[in-house]
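# Close look at the chain arrangement
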Amino acid sequence: MVSRLLQRRSVLAGLAAGLCLPRAGMAEDFVDLDWVDLLPENETSIPTFLRGIVDHDAAPLASQQPASSGVRTDWNGQIVRLPGFMVPIEHRGTGVVAFILVPYVGACVHVPPPPANQLVFVTTQQPYESAGLFEAINVTGMFGVSAVSTQLAEIGYALSADKIEPFRA
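Along every chain, residues carry numbers that run from 1 in the direction the sequence is written. Predicted model: local features are reported for residues with pLDDT of at least 70 only, side-chain atom pairs are reported and counted for 80 or more only, and whole-chain, interface and lining totals are derived from all residues. Side-chain numbers come from the whole structure's heavy atoms, not from hydrogens or water.

## Notes on the nonpolar core
Core analysis: the biggest nonpolar cluster contains 20 residues, and Phe99, Leu101, Val120 and Val139 have the highest contact counts within it. Each helix is a run of H or I in the DSSP string that is no shorter than four residues. Each strand is a run of E no shorter than two, and both are numbered from the N terminus. Elements that contribute at least two residues to this core include exactly strand E2 (79–92), strand E3 (95–102), strand E4 (120–128), strand E5 (136–149) and strand E6 (154–166). Counting residues per element, this core draws most heavily on E6, at four residues. Here, two residues are considered to be in contact whenever any of their heavy atoms come within 4.5 Å of each other. For valine 139, the residues in contact, after removing those within four places along its chain, are Val80, Arg81, Leu82, Phe99, Leu101, Val122, Leu159, Ala161, Lys163 and Ile164. By convention a nonpolar core is built from buried Ala, Val, Leu, Ile, Met, Phe, Trp, Tyr and Cys residues, the set being connected through side-chain atoms within 4.5 Å. Summary of the burial criterion: residues with accessible area below 20% of their type's maximum are buried, those above 50% are exposed, and those between are partly exposed, where the area comes from a 1.4 Å probe applied to protein chains only.

Set out below in structure tokens:
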């Protein structure tokens, strides 16, 4: 437990340090990513059976997480925008300041978590007032590969959010 806390703090400190770097031309200067972009080349998307209803009396959902086949480093250190759904991890006041960005509703909560390469640990300085687990959002900020372990899942990426907003297609 202590090592997880230290690991989490070091990841958060690294992401916080990234917030101090100048971000010239942030207006529309980002790479639009989709979840398939996070998969290693020649890997297919999340198996459909992981998106279904599961027996909540079975083993903990985190233990049912499929192994990740790797992550991609193509966007390390770049500003990206990625849509998804929020699984809150930490709050400040009534806003969320750390969460797992997941590709579909219920991931990590109602169904087993996707592989680590389909999860992004997001931190933000500005608390986000979430409308709930079913709210689709766009998250824009500094992106990178980062091994983060939580009670819910192993996570393969991290994003230091500059902007979180409701999803608009």
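That was the structure; now back to the text.
## A look at a nonpolar patch on the surface
Patch building starts from residues that exceed 30% relative accessible area and form no salt bridge, then joins like charges within 9 Å and nonpolar side chains (Val, Leu, Ile, Met, Phe, Trp, Tyr) within 5 Å. Residue exposure ignores everything except the shown protein chains as possible cover, and the areas themselves are Shrake-Rupley values with a 1.4 Å probe. When a carboxyl oxygen of Asp or Glu is within 4 Å of a side-chain nitrogen of Lys or Arg, the pair counts as a salt bridge. Together, Val105, Val109, Leu133 and Phe134 give the surface a local cluster of nonpolar side chains, amounting to about 330 Å² of exposed area. Its location among the elements puts valine 105 in the loop between E3 and E4.

## Describing the pairing of E6
As judged from the five bridges shared by E4 and E6, these two strands associate in the parallel manner. Bridge pairing links phenylalanine 121 to alanine 158 in E6. The rule for pairing is simple: two strands pair if DSSP sees at least two bridges between them. Two strands pair when backbone bridges link them, and E5 and E6 are joined in this way by eleven bridges, in the antiparallel orientation. Along E6, the bridge assignment pairs threonine 140 with lysine 163. The hairpin turn running from E5 into E6, its antiparallel successor, is four residues long.

## Comments concerning empty space enclosed by the protein
Regions of empty space are outlined by a rolling probe, equal in size to a water molecule, passed over the atoms. In this analysis, the protein atoms alone were mapped onto a 1 Å grid. Cavities are point sets where a 1.4 Å probe fits without being able to get out; pockets are open sets with protein on both sides within 12 Å along at least five of seven lines; lining residues have an atom within 4 Å of a point. Grid points are joined across faces, edges and corners, and a volume is the space filled by probe spheres set on the points. Under the criterion given, the structure shown has one cavity of 30 Å³ or more. Roughly 30 Å³ of internal volume is contained in the largest cavity. Surrounding the largest cavity, Phe85, Met86, Val87, Val102, Tyr104, Val105, Gly106, Ala107, Val109 and Leu133 form its lining. Considering every element that reaches the lining of the largest cavity, the biggest residue donor is E2, with three residues.

## Looking at the pattern of salt bridges
Once their charged atoms are close, side chains differing in charge can pair, the charge on each being opposite to the other. A complete count under the given rule lists three salt bridges for this structure. Here arginine 72 ties to aspartate 74 by a salt bridge, and the two come within 3.0 Å at their closest N and O atoms. Residue glutamate 165 is joined to lysine 163 by a salt bridge in which the shortest nitrogen-to-oxygen separation is 3.8 Å.

## A look at the environment of glycine 93
For glycine 93, the position within the fold is in the loop between E2 and E3. Residues glycine 93 and glutamate 129, 36 residues apart in the sequence, show an inter-C-alpha distance of 9.5 Å.

## Quick word on the confidence of the model for the chain
Residue-level pLDDT values for the chain average 79, and 71% of them are 70 or greater. Low pLDDT (under 50) marks residues 8–13, which in the prediction has eight contacts with non-local residues, meaning those over four places away or in another chain. Note on residues 49–56: pLDDT is under 50 here. Beyond four places in sequence and across chains, it has 14 contacts. Within a predicted model, pLDDT stands for the predictor's per-residue confidence, ranging from 0 to 100.

## Section: the pairing of E4
Examined bridge by bridge, E3 and E4 share five bridges and lie antiparallel to one another. Pairing of leucine 101 across the sheet is with valine 120, part of E4.

## Quick notes on the environment of methionine 142
Within the element layout of this structure, methionine 142 appears in strand E5. According to the relative accessible area criterion, methionine 142 is buried, its value standing at 17%. Along the chain, methionine 142 and isoleucine 79 lie 63 residues apart, while their C-alpha atoms are 4.5 Å from each other.

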